[in-house]
Amino acid sequence: MSKITDIIAGSLKYVKKLSGQCILIKLGGSILDDMQLVRKLCEDLSLVRAAGIKIVLVHGGSKAIDQTLRAHNISWAYQQGQRITTIEMVNIIEMVLSGHVNKMLVRTLNAVGVAAVGLAGCDDKLLQAQRFDDKLGEVGKIEKVNTTLLQRFMDTQDAHQPGIIPVIAPIAADAQGKPLNVNADWAASTIAIALKCDKLIYLTDEDGVYDQDKKLLSKLEVKELKHLVKKKIVEGGMLVKVKTILDALQQGLNNIHIISAKKEHALITELFTDEGIGTICRRNAES
């Protein structure tokens, strides 16, 4: 931890620049399967928050969902990177995300001295959605975010009196109050847009976005992202991420990062040093 403290102490220009900013961090489902890694990430988040940065967390939980569905002898399929979800499945997914995964993250953050509260999309109509596509079943597209609820937590966050970090499970509710499964990447970008976040960071098990030759692309802008989608260079889960990034960039966000959480202190390195890791996406090269 002393090494990271030294990094932050030696990067006061970044601390001053980022203090007071709002950063939404999305934690990928595969990362959440490694409790040692989760603990280290939470420790790093305590330092990020101590720098006066407002933090919102959105998490996935794909591995935990897969394990629970198998235990119930339920099979599933994906379409366009999204899980086709039946009524039976959405109840299980809600239980796994809002119960097990969300509370595990909150407990771990609290254990390292970070005040956190777990939320799901149904809490005070945090995420209001309608069905994305009949072919996907009980999958939602977020139509409205209750930013007032989140702001109640973030308004108390500053360098002198850090507040509570909202930890959000991507389960939304429709107009009748029924649960809808929302892709966590879409949930993260939609919430970040609604909050007008200064940065959106995807912490994943991938180093970033790769080109057709499997070379890591450190910087991307809108036209390059569109090319990757058109030429089908990105696929699966990364295709969904790139689509959410394109949408977010076109709606006003301008600093979107994809970094590997498996690299030691990746979040600290990305925020507080000149080194940078992974892929950063902006609207254009000059922005």
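Nothing here was measured: the structure is a model prediction, and the numbers come from that model.

1. Quick word on the pattern of salt bridges
What the rule picks out here adds up to seven salt bridges. The salt bridge partner of Lys26 is Asp185, with a shortest N-O separation of 3.0 Å. Taken together, the residues span a long stretch of sequence, with Lys26 in strand S1 (residues 22–27) and Asp185 in helix H7 (residues 184–195) at a distance of 159 residues. The exposure class assigned to Lys26 is buried, which follows from its relative accessible area of 6%. For the salt bridge of Arg39 with Glu43, the shortest nitrogen-to-oxygen distance reads 3.6 Å. Linking Arg39 with Glu43, this pair stays in helix H3 (residues 35–50), spanning four residues, or about one helical turn. Its relative accessible area of 38% is what places Arg39 among the partly exposed residues.

2. Focus: unusual backbone geometry
A positive phi is found at Asn73, a non-glycine position, where the angle reads about 55°. Counting through the fold element by element, Asn73 comes out in the loop between helix H4 (62–71) and strand S3 (78–79). Of note, the phi angle at Lys214 is positive, near 65°, even though the residue is not glycine. With respect to the element layout, Lys214 can be found in the loop between strand S12 (209–210) and strand S13 (216–217). Classification of Lys214 by relative accessible area gives exposed; the value is 64%.

3. Description of helix H6 (residues 147–154)
Looking at H6, one finds that the buried residues are Leu149, Leu150, Phe153 and Met154. On an axial view of H6, the arc spanned by its buried residues comes to 135°, and they lie on one face. Packed against the buried residues of H6 are S1, strand S2 (54–59), strand S5 (116–120), strand S7 (140–145), strand S8 (165–169) and H7. Its side-chain oxygen placed 3.3 Å from the backbone nitrogen of Thr148, Asn146 serves as the N-cap of H6.

4. Examining the pairing of S1
For S1, a buried count of six out of six residues is recorded, marking the element as mostly surrounded by other parts of the structure. Of the two faces of S1, the one holding Cys22, Leu24 and Lys26 and the one holding Ile23, Ile25 and Leu27 are both buried throughout. The pairing of S1 with S2 spans six bridges and is parallel. Bridging from a neighbouring strand, Ile25 pairs with Leu57 of S2.

5. Structural notes on the layout of surface pockets
Reported here for the largest pocket is a volume of approximately 850 Å³. Lining the largest pocket are 37 residues, and of these Ser62, Asp185, Gly237, Met238 and Lys241 sit closest to its centre. Secondary-structure elements contributing two or more residues to the lining of the largest pocket are H4, strand S4 (82–83), H7, S12 and helix H9 (236–250). For the lining of the largest pocket, the element with the most residues is H9, which contributes four residues. Looking at the lining of the largest pocket residue by residue, the class counts come to twelve nonpolar, 14 polar and eleven charged. Forming the boundary of the second largest pocket are 19 residues, of which Lys199, His257, Glu270, Ile280 and Arg282 lie nearest the centre.

6. A look at the packing of H7 against H9
Orientation of H7 relative to H9, taken along the N-to-C sense of each, is 15°, at an axis distance of 9 Å. The angle between H7 and H9 places the two elements in the roughly parallel class. As H7 packs across H9, the resulting crossing turns out to be right-handed. Counted together, Asp185, Trp186, Ser189 and Ile193 of H7 and Gly237, Val240, Lys241, Lys243, Thr244, Asp247 and Ala248 of H9 form the full contact between these two elements. In terms of residue class, the contact of H7 with H9 is built from four nonpolar, three polar and four charged.

About the cut-offs
- All chains use their own residue numbering, which begins from 1 and follows the written sequence.
- Given that the model is predicted, a residue must reach a pLDDT of at least 70 before its local features are reported, and side-chain atom pairs must reach 80 or more before they are shown or counted; all residues, however, enter totals for whole chains, interfaces and linings.
- Hydrogens and water are ignored here; the side-chain numbers use all heavy atoms of the structure.
- What makes a salt bridge here is a side-chain nitrogen of Lys or Arg within 4 Å of a carboxyl oxygen of Asp or Glu, nothing more.
- Starting at the N terminus, helices and strands are each numbered in turn, a helix being any DSSP run of H or I of at least four residues and a strand any DSSP run of E of at least two.
- Buried residues are those whose accessible area, probed at 1.4 Å on protein chains only, stays under 20% of the maximum for their type, while exposed residues exceed 50% and partly exposed ones sit between those limits.
- Within this analysis, the arc is defined by the directions that extend from the helix axis to the C-beta atoms.
- Contacts are residue-level and defined by heavy atoms, with any inter-residue pair within 4.5 Å sufficient.
- Each polar contact in these results corresponds to two N or O atoms within 3.5 Å; when the atoms are within protein, one needs to be able to donate a hydrogen and the other to accept it, and residues that are neighboring in sequence are counted only if both atoms are side-chain atoms.
- In this analysis, strands are considered paired if DSSP registers two or more bridges between them.
- Within this scheme a cavity is a closed region of a 1 Å grid, computed over the protein atoms alone, that accommodates a 1.4 Å probe without allowing it to escape, whereas a pocket is open but has protein on both sides within 12 Å along at least five of seven lines; lining residues each have an atom within 4 Å of a point.
- Grid points are joined across faces, edges and corners, and a volume is the space filled by probe spheres set on the points.
- Basically, the charged four are Asp, Glu, Lys and Arg, the nonpolar ten are Ala, Val, Leu, Ile, Met, Phe, Trp, Tyr, Cys and Pro, and anything else, Gly included, counts as polar.
- Every axis corresponds to a line fitted to the C-alpha atoms, with the helix fit spanning only the stretch in contact, and the corresponding angles, defined between N-to-C directions, vary from 0 to 180 degrees.
- Angle categories are assigned with fixed cut-offs, so that under 35 degrees is roughly parallel, over 145 is roughly antiparallel, 65 to 115 is roughly perpendicular, and the rest are oblique.
- Note on convention: the crossing is left-handed when the near helix lies turned anticlockwise from the far helix by less than a right angle, right-handed when the turn is clockwise.

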